[in-house]
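Residue strings, one per chain:
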There are 2 protein chains.
Amino acid sequence: MTESIKVSPSVRFSRTLIEPALRAVVDDYHDDVARIVRYHFGWATPTGTPVDGGEAAGGKCSRGTLVFAAAHAVCGRFEMALPAAVGVELAHNSSIIHDDVIDGDAERRGRATVWAQFGTSLAVLAGDALLVSALRVLADPGSCDGRASALMARANERLIAGQVREAVLHGGDTGSIDDYLDVAENKTGALLECSVELGALFGGADESTVELMGVAARHMGIAWQAANDVEDIWGNAAVTGKPARSDLRRRIRTLPVLAALETGGPAARALAERWHATSAGDDQEVDALAELVEQAGGRVAAEDVSRQHLDIALSRLADTDLPPGAVASLAELFHLIVTRKSTIAPESGS
Amino acid sequence: MTESIKVSPSVRFSRTLIEPALRAVVDDYHDDVARIVRYHFGWATPTGTPVDGGEAAGGKCSRGTLVFAAAHAVCGRFEMALPAAVGVELAHNSSIIHDDVIDGDAERRGRATVWAQFGTSLAVLAGDALLVSALRVLADPGSCDGRASALMARANERLIAGQVREAVLHGGDTGSIDDYLDVAENKTGALLECSVELGALFGGADESTVELMGVAARHMGIAWQAANDVEDIWGNAAVTGKPARSDLRRRIRTLPVLAALETGGPAARALAERWHATSAGDDQEVDALAELVEQAGGRVAAEDVSRQHLDIALSRLADTDLPPGAVASLAELFHLIVTRKSTIAPESGS
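About the thresholds
- Residues numbered from 1 in each chain as written.
- Chains lettered and ligands numbered in written order.
- Predicted model: local features only at pLDDT ≥ 70, side-chain atom pairs only at ≥ 80, totals over all residues.
- Heavy atoms only, no water.
- Helix = DSSP H or I, 4+ residues; strand = E, 2+ residues; numbered from the N terminus.
- Buried < 20%, exposed > 50% of the residue type's maximum accessible area, 1.4 Å probe, protein only.
- Areas by Shrake-Rupley, 256 points an atom, 1.4 Å probe, with all protein chains shown as cover.
- Contact = heavy atoms within 4.5 Å.
- Buried area = accessible area lost by both parts, 1.4 Å probe.
- Salt bridge = Lys/Arg side-chain N within 4 Å of Asp/Glu carboxyl O.
- Polar contact = N/O pair within 3.5 Å; in protein donor to acceptor, adjacent residues only side chain to side chain.
- Core = buried A, V, L, I, M, F, W, Y, C linked by side-chain atoms within 4.5 Å.
- Phe/Tyr/Trp six-rings, centres within 6.5 Å; stacked < 30°, edge-to-face > 60°.
- Lys NZ or Arg CZ within 6 Å of the ring centre and 35° of its normal.
- Least-squares fit on C-alpha atoms with pLDDT ≥ 70 in both.

Undergrad: Explanation requested: the overall build of chain A in the structure shown.
TA: The helix and strand tally for chain A stands at 16 helices and two strands. Per-residue burial for chain A yields a buried fraction of 58% across its 350 residues. Accessible area for chain A stands at about 13100 Å²; split by element, carbon and sulfur atoms hold 52% of it.

Have a look at this one:
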């Protein structure tokens with residue numbers, strides 16, 4: 001595939017820049033904390049033996065790559081954005097360690113999650129340590145006069161608000177499509193938006209370009225979240241890195257389910273009746289629910305939402321004053337992320 | 001008591017400065033997050049109805065008061081240190097919300113803790129929100145050229161490392177007095193040290209005065225932690241705000257226990273044998289353990305450690321170039337905190 005050949009080298013290159021800087025942050029931790037975080041990143045076994053994880057270690061660094069891509073789009077260079085790339089990766093990894101605690105997910109990247117390996121207490125604290133570091137790397141004097149640090153703090157506030165909203169909605173088994181979009185915009189969108197904004201900021205872009213690029217990334221994030229929810233139900237578990245239909249198994253009302261329920265037809269009514277009727281973990285039951293969601297039109301509706309928000313994202317990019325080549329290059333990256341045709345697709349926070 | 005009359009008004013005054021600023025930070029949160037945090041601070045019921053909590057609401061603000069006291073000691077004024085006072089209170093409250101999750105403590109300040117009221121997920125996220133805010137309030141441009149923000153980040157890293165070390169030690173039911181002191185220096189000492197350093201920094205003190213005052217506060221923190229552990233076993237539950245002998249009940253090896261076990265005499269041997277022999281929650285059994293700790297000399301030893309570290313703290317204060325009146329005033333505050341003769345004694349993080 002031509003597209004992925006053009007983009008992949010820079011993804012790999014981003015990772016080769018980011019990983020040593022991430023390791024340097026972690027090397028500075030107290031031994032107890034470093035051991036947990038190194039395990040999380042796939043750099044070491046639970047007892048601390050180094051692992052040569054190759055490309056799988058440390059996750060995909062997709063947010064860090066977006067930082068570099070945005071910096072490159074505005075000025076043709078990107079190395080100076082390294083603190084931002086490291087910061088967004090630290091923030092993202094903090095959020096997924098805490099998210100796995102919240103969701104009770106025992107597996108990620110094909111290995112036991114931090115809480116499953118070390119217990120809830122140490123998972124809470126390891127996430128805290130990464131959160132502090134994420135804010136610290138951007139608080140250094142010289143990081144764009146405090147603007148970078150303010151953007152990072154604001155993104156984390158929105159990410160956390162999105163997680164809280166999601167937890168409240170899941171707890172009450174409620175929520176509309178609007179609630180879903182609100183969660184996606186904050187929980188998923190905020191850090192992707194921040195990644196692109198920081199890249200543009202470190203690249204020297206003016207205020208309005210930073211903002212437009214950020215809005216584009218926010219919509220790309222919503223598009224990606226919708227695509228991710230379709231993937232959870234009808235995708236390939238080997239690609240998602242998570243157990244098949246894990247959201248459906250836990251009766252989480254993701255976008256395809258909400259859209260299916262809103263149609264109100266016979267399949268929607270059957271879905272609503274069946275939702276809590278039987279034992280949650282039963283494979284056949286989960287497959288029957290997936291079938292009803294598809295019959296009611298939930299899959300097609302979710303794919304439409306994803307396409308619409310990707311269109312908005314690409315149109316916001318086109319509104320910027322960036323050179324056409326830079327717009328095309330970022331648009332291609334956005335498209336690859338959302339359609340998951342690249343190894344760069346961001347890892348799910350949920 | 002003359003001492004407490006001289007100090008208390010400034011404690012109350014500190015709280016009247018800090019609380020509105022804390023409320024402004026929380027007002028900026030997403031509604032879902034604000035509701036949880038307002039409950040935590042005692043400003044509202046779980047459903048959001050405002051509570052006129054009087055002096056009990058929002059905790060004691062002892063760390064914020066230390067910020068002001070340090071600023072006052074170096075320049076005679078203290079209002080300019082408000083961002084630092086707010087920052088340390090936010091960081092402290094983040095850490096106690098997460099600490100209550102880790103320890104499974106269901107009660108604090110006479111009310112249900114955040115996880116007990118809203119569940120573990122929302123408690124993790126509320127703590128995250130406060131942690132981000134703690135770092136954000138000191139990352140504003142103009143906050144001492146990034147030094148304030150670096151001190152705050154470093155203090156949180158140490159606090160988290162101390163929490164991790166403690167969790168690892170408690171998990172293995174191990175640990176020596178040295179381990180205990182290491183945990184106390186980081187988990188308790190780091191934020192008290194940071195409070196005094198930030199106060200001195202905002203007050204315009206030179207590098208070496210900031211550092212000396214910080215070292216003094218670190219030892220005051222260890223002295224306070226030791227006194228706090230004595231209080232847990234032999235203190236008044238109405239004063240500590242926690243259920244009586246909660247540490248002993250959970251078989252946590254606090255300083256008096258560790259010191260008792262190290263004596264190796266008959267009472268120490270009886271204590272070691274009895275430690276895990278019977279059901280943890282039994283009141284009579286807990287009382288019998290307390291009796292053995294005292295017989296073995298654990299109480300006296302812990303009181304000695306507290307006194308020694310308070311002496312070091314006061315002697316470091318005397319080493320500074322501060323005017324004698326300022327040294328005396330800070331020393332008095334330290335003394336009142338450690339001996340818990342004032343409403344300002346910091347709230348336990350565990």
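Undergrad: Got a minute to help me understand unusual backbone geometry in this structure?
TA: Glycine aside, negative phi is the norm for most residues, and most peptide bonds take the trans geometry. The residue Arg109 of chain A is not glycine, and still its phi comes out positive at about 50°. Relative to the elements of secondary structure, Arg109 of chain A occurs in the loop between β1 (107-108) and β2 (111-112). Residue Arg251 of chain B is not a glycine yet carries a positive backbone phi of 55°. With respect to the element layout, Arg251 of chain B can be found in the loop between α11 (246-249) and α12 (255-263). You can call Arg251 of chain B buried: its relative accessible area is 8%.

Undergrad: Please explain the interface of chain B and chain A as it appears in this structure.
TA: Bring the parts together and some accessible area is lost; that lost area is often taken as the interface size. Counting from both sides, the interface comprises 35 residues of chain B and, opposite them, 35 residues of chain A. Interface area, chain B with chain A, both sides summed: about 3200 Å², of which 71% is carbon and sulfur. Applying the counting criterion to the chain B and chain A interface returns four salt bridges. Between Glu157 of chain A and Arg136 of chain B there is a salt bridge, and its shortest N-O distance comes to 2.6 Å. For the interface between chain B and chain A, the tally reads six residue pairs in polar contact (both at pLDDT 80 or more). Put simply, the parts of the chain that give the side of chain B that touches chain A at least two residues each are α2 (31-40), α4 (82-103), α6 (120-137) and α7 (147-172) of chain B. Counting residues per element, the side of chain B that touches chain A draws most heavily on α7 of chain B, which supplies 13 residues.

Undergrad: Before we go on, may I ask you to explain the nonpolar core in this structure?
TA: In a soluble, globular protein the nonpolar side chains are often hidden away together inside. Ranked by size, the top nonpolar core spans 112 residues in total, and within it Tyr29 and Leu198 of chain A together with Tyr29 and Leu198 of chain B carry the most contacts. Among residues more than four places away in sequence, those in contact with Tyr29 of chain A are Ala34, Val37, Ala129, Leu130 and Ser133 of chain A.

Undergrad: So what exactly am I meant to see when it comes to the pattern of salt bridges here?
TA: The final tally for this structure, using the stated rule, is 46 salt bridges over all chains. Between Glu294 of chain A and Arg299 of chain A there is a salt bridge, and its shortest N-O distance comes to 3.3 Å. In this structure Glu294 of chain A comes out as partly exposed when scored by relative accessible area, which is 35%. A salt bridge links Glu303 of chain B to Arg299 of chain B; the shortest N-O distance between them is 3.3 Å.

Undergrad: What's the story with the packing of aromatic side chains in this structure? I'm lost.
TA: Any two aromatic rings considered together are summarised by their centre-to-centre distance and by the angle between their planes. Residues and elements named next belong to chain A. With the rule as written, the count across this model stands at eight aromatic pairs over all chains. One aromatic cluster is present, built from ring pairs that chain together Phe13, Phe68 and Phe78. The lysine or arginine in question, Arg111, covers the ring of Tyr39, its NZ or CZ lying 4.7 Å from the ring centre.

Undergrad: Looking at this structure, how should I read the relation of the copies chain B and chain A?
TA: Two copies of a chain can be linked by a rotation about an axis combined with a shift along that same axis. Superposing chain B onto chain A takes a rotation of 180° plus a shift of 0.0 Å along the axis, which leaves an RMSD of 0.0 Å. Those values place the two copies in the arrangement expected of a two-fold rotation axis. In terms of C-alpha distance to the rotation axis, chain B has Ala139 of chain B as its closest residue, with the C-alpha 3.1 Å off the axis. Mapped onto chain A, 100% of the interface residues of chain B again fall at the interface, so both copies present the same surface.

Undergrad: What is the right way to read the environment of Glu303 of chain B from this model?
TA: Residues and elements named next belong to chain B. Relative to the helices and strands, Glu303 resides in helix α15 (residues 298-319). Note on Glu303: relative accessible area 29%, which makes it partly exposed. Placed 191 residues apart in sequence, Glu303 and Ala112 show a C-alpha to C-alpha distance of 31 Å.

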